[in-house]
Amino acid sequence: MRYQTTLAAFPLVGFTAATAISSTNCSASAFQKIIDVNGTEAHVQWATYVPEGGSLNPMNYTSASEYPTGLPESCAVQVNVASEGNSSYLVGVIFPYDWNGRMLSAAAGGGINWVDMGTGTHYGFATVSSNLGHAGIDTTGTWALGRPEAVIDWGYRAWHGTTTLAKLLISGRYGTGPAYSYFYGCSTGGRQSMKNMQVYPDDYDGIIAGAPAWWTTHQQLYNLKQTTYQAPANSSHTIPAEMFPILAAEVLRQCDPQDGLTDTIISNPEGCVFNPQTLACNSTSSPNTCLTSEQLNTLYKIYNDWVDTNQTFVYSHLFYGSESSWLDGNIGLGEPSTIDQQYWYLRDLMGLGDSFVWQDLDFSTVELADHLNPGNATAGQYDISEFANRGGKFIHYHGLSDSYVSPGASTFYYDQAKSAVQANGVDDVDDFYRMFLIPGMEHCYNTPTDMNAPWYIAGADQASTINTSTWSVPGYRDAQHDVVLAMMAWVENGTAPESIIATVWKNDTTAEEVRRQRPVCHYPYQARYIGKGDPDEAANWECGLLY
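Computed from a predicted model, the values in this text were never measured in an experiment.

(A) Representation of the environment of S29 within the structure. Secondary-structure assignment places S29 in helix α1 (residues 28-37). Note on S29: relative accessible area 52%, which makes it exposed. Sequence separation of S29 and V44 is 15 residues, and the distance between their C-alpha atoms is 7.7 Å.

Following this line, the structure appears as structure tokens:
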């Protein structure tokens, strides 16, 4: 296996590590002094020293999968920042003693994302995250009720405030601000990074957005819409849970060869011609082993875009190859518990209250959501030429087996952004924006067990699926395999990523023996087998146009 020292290729020209406060001073009072001198309205709640190999567990989690472990020697701090009205938000920063001169923000994920922050410190980044003004994940609780300023903080404002404060603390801690600043997140974290890029294009030099749930006003409604296809539970049109693995196997059987190589991976699900009639019931079929005509109609809805009044495109369909995670995703079985978890946005943020039921969802609901756009959260600004013109770089990736956020939402954004920036004088979108569609990857990480597709690129949330002390790509810590290092190479050396090599191990919990590696080409290119050599080795693939 090839191994390269992580940051050796990215020296900081002219960087000096003079410190403004003692390198051994990891006290709340020292950080409070930095804040007070600069007139910021914020209170340091705590600061703690983390020894080499130590852990950081401020939430007192009982599972080691929920907090960072095996950290480099660091100092961590948590600050409460006053916002507008009755709102405030928390900011967490980890300062490694061996700093690389850069900042990495890890998008919020149910609070301050200490796990991804911990991952970043192994590279040498000073790492940053926020809770965006509320505890827990967005979809639980009633944190938004009666708190309009908190909704705005959640939508976009808290990240800018977090970024500003973090740069202030970094400058005070090390004696200089970060030479480069990066931001990565996946799912709603991808939305956070994209929104910050659109509203505050000067905050970051590089943005990495994985499977971004960017279209908030449509995403949340579609999550409910696709659930209703199965509702009410156990109806004659409801596809039973037992059929999902059968459907997944049949999709793989039909679609896998159509991309040119039978390898248990669907490389181009949008190019597959799938015939669901092979699963149609007949007189000899056993129960729950086939699809009735009504169930086939439900399947047709799932596999097709939500298009509504006046042929308005509302949201993209799910792709072939996502079936294995439908039970874990938002389709479910139409059960009340599955539907209820989608109500939070309509009930709390749109203000429709408890009287709203799934049968009320129609195009007027979509129009109301677009009108209200709670918290201005949707990252729907397509003209990102201001970010491009100031030298920013944007890497966007999405798994093609994602059943939570459709990959079609990502291709829709890319196409719209490409048109918008070209109209505003940016001739080649590839100069600053590249999207990577990862065959067989589910939502942010993992792959269906029947595919075993390479998916790991060291993106947000990925390292912790191995363990919370893992970082980069074990054995392949270089810009060819690691999306964070690929972004750094692009921003700092001008080396744009033509492809990123994805990895899957024989045992993803140990990441010791590689099962497969394959390049993921930037859209609209696709990896193609050269026709000789082991197809599980990346060297035997090349990038060619998707169409």
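Picking up after the structure, the text goes on.
(B) Representation of helix α7 (residues 293-302) within the structure. All buried positions along α7 are accounted for by Q295, L296, T298, L299 and I302. Projected onto a plane normal to the axis of α7, the buried residues spread over an arc of 155° and lie on a single side. Seen from the open side of α7, the exposed residues pointing more than 90 degrees away from its buried face are S293 and Y300. Elements in contact with the buried residues of α7: α5 (216-228) and α6 (243-255).

(C) Representation of the environment of A417 in the model. Here A417 shows up in helix α12 (residues 407-423). Sequence-wise, A417 and T309 are 108 residues apart; in three dimensions their C-alpha atoms are separated by 24 Å. Residues in contact with A417, not counting those within four places in the same chain, are Y382 and Y433.

(D) The arrangement of the sheet that holds strand β11 (residues 433-438) in detail. Here nine strands make up an open sheet; going across it, the order is β1-β2-β3-β5-β4-β6-β7-β10-β11 and the pairing mixed. Each having just a single partner strand, β1 (42-50) and β11 make up the two edges of the open sheet. Pairs of neighbouring strands in the sheet enclose a mean axial angle of 15°, with direction left out of account. Direction of pairing for strand β6 (residues 180-186) relative to strand β7 (residues 206-210): parallel, over a ladder of five bridges. Bridging from a neighbouring strand, C186 pairs with G210 of β7. Each of β1, β2 (74-82), β3 (88-96), β4 (102-106), β5 (126-130) and β6 touches helix α2 (residues 114-123); the most contacted strand, β3, lies at about 25° to it.

The rules behind the values
- Residues numbered from 1 in each chain as written.
- Predicted model: local features only at pLDDT ≥ 70, side-chain atom pairs only at ≥ 80, totals over all residues.
- Heavy atoms only, no water.
- Helix = DSSP H or I, 4+ residues; strand = E, 2+ residues; numbered from the N terminus.
- Buried < 20%, exposed > 50% of the residue type's maximum accessible area, 1.4 Å probe, protein only.
- Arc of directions from axis to C-beta.
- Contact = heavy atoms within 4.5 Å.
- Pairing = 2+ DSSP bridges.
- Axes fitted to C-alpha atoms, helices over the stretch in contact; angles between N-to-C directions.

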